[in-house]
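Chain by chain, the residues run as shown.
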Amino acid sequence: MLNHNWGKNELLAEYHFDYEKAKPNRFAAQSRRKQLLKVVVLDEDVAQVFTTPESVNKVLRALIESMPQITDGDTA
């Protein structure tokens, strides 16, 4: 159980948010809602090499280009 007797300027070491109860940001730009955005958590060793979203995307795009093309009848 959490102790709520800490001072108002103190931060907890960890917070647990229930994202199931989250509501959409009504102030976000309409154009951003159309953009597909995914968040992926990288392992520490990978994050040390790929330090920006651009570097991750560049390598993933190169990997996608090197993969064989899949037609409608093929399965991955």
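Residues numbered from 1 in each chain as written. Predicted model: local features only at pLDDT ≥ 70, side-chain atom pairs only at ≥ 80, totals over all residues. Heavy atoms only, no water.

J.: Explain the overall build of the protein chain residue by residue, including any values.
T.: A count of helices and strands for the protein chain gives three helices and zero strands. Mapped from its N terminus to its C terminus, the protein chain presents α and β elements in the order α-α-α. In the protein chain, which comprises 76 residues, the proportion classed as buried is 0%. With an accessible surface of roughly 8500 Å², the protein chain has 56% of that area assigned to carbon and sulfur atoms. (Helix = DSSP H or I, 4+ residues; strand = E, 2+ residues; numbered from the N terminus. Buried < 20%, exposed > 50% of the residue type's maximum accessible area, 1.4 Å probe, protein only. Areas by Shrake-Rupley, 256 points an atom, 1.4 Å probe, with all protein chains shown as cover.)

J.: So what about the confidence of the model for the protein chain? Which residues, and what values?
T.: Summarising the model, the protein chain shows a mean pLDDT of 81, and 75% of its residues fall at 70 or more. Per-element mean pLDDT across the protein chain ranges from 57 in helix α1 (residues 30-34) up to 96 in helix α2 (residues 44-49). (pLDDT = per-residue confidence, 0-100.)

J.: With reference to specific residues and values, describe the pattern of salt bridges.
T.: Within this structure, the stated rule accounts for one salt bridge. Linking D18 and K21 is a salt bridge whose minimum nitrogen-to-oxygen distance equals 3.9 Å. Look at D18 and you get partly exposed, because its relative accessible area is 43%. (Salt bridge = Lys/Arg side-chain N within 4 Å of Asp/Glu carboxyl O.)

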